[in-house]
Amino acid sequence: MSDQKPFNDAVEHMKKIEGLPWQIDMKKLPRPIRYFGYFFLGSFAISLLFIMLGVLIT
């Protein structure tokens, strides 16, 4: 676990009950899920780049 102090008691309670992931290590995930994550993040970045270029050109 991390050494971060919770913001308040409600945040600490939700973290314990729901098990919120604070950091995800992509290298520990199974290979298909890891590749899907890389594909999703890459396609998001490329589409964001195309949108920004489209706005600048028009």
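This text follows the structure it describes.
Remember, it's a predicted structure, so these values are computed and weren't measured experimentally.

Participant: Where do I start with the overall build of the protein in this structure?
Facilitator: When helices and strands are tallied, the protein shows two helices and zero strands. Out of the 58 residues in the protein, the part that is buried amounts to 5%. Total accessible area computed for the protein in this model is approximately 5,900 Å², and 70% of it derives from carbon and sulfur atoms.

Participant: Whenever I open this one, the side chain of R34 confuses me. Can you help?
Facilitator: Looking at where R34 falls in the secondary structure, it is placed in helix α2 (residues 31–57). For R34, a relative accessible area of 17% gives the class buried. At 3.3 Å, the side chain of R34 and the backbone oxygen of K27 are in polar contact. Every residue in contact with R34, bar those within four places of it in the chain, is listed here: M26, K27 and L29.

Participant: What am I meant to see in the packing of aromatic side chains here?
Facilitator: Aromatic ring pairs are described here by two measures, namely the spacing of the ring centres and the angle between the planes. Scanning all chains against the criterion turns up one aromatic pair. Ring centres 6.3 Å apart and planes at 25° place the aromatic pair F36 and F40 in the stacked group. Note that F36 and F40 are positioned in helix α2 at a spacing of four residues, about one turn of the helix.

Participant: Please explain a nonpolar patch on the surface as it appears in this structure.
Facilitator: Together, I46, L49, F50, L53, L56 and I57 give the surface a local cluster of nonpolar side chains, amounting to about 690 Å² of exposed area. With respect to the element layout, F50 can be found in helix α2. With a relative accessible area of 58%, F50 lands in the exposed category.

Calculation rules
- Residues numbered from 1 in each chain as written.
- Predicted model: local features only at pLDDT ≥ 70, side-chain atom pairs only at ≥ 80, totals over all residues.
- Heavy atoms only, no water.
- Helix = DSSP H or I, 4+ residues; strand = E, 2+ residues; numbered from the N terminus.
- Buried < 20%, exposed > 50% of the residue type's maximum accessible area, 1.4 Å probe, protein only.
- Areas by Shrake-Rupley, 256 points an atom, 1.4 Å probe, with all protein chains shown as cover.
- Polar contact = N/O pair within 3.5 Å; in protein donor to acceptor, adjacent residues only side chain to side chain.
- Contact = heavy atoms within 4.5 Å.
- Phe/Tyr/Trp six-rings, centres within 6.5 Å; stacked < 30°, edge-to-face > 60°.
- Patch = residues over 30% accessible without salt bridge, like charges linked within 9 Å, V, L, I, M, F, W, Y side chains within 5 Å.
- Salt bridge = Lys/Arg side-chain N within 4 Å of Asp/Glu carboxyl O.

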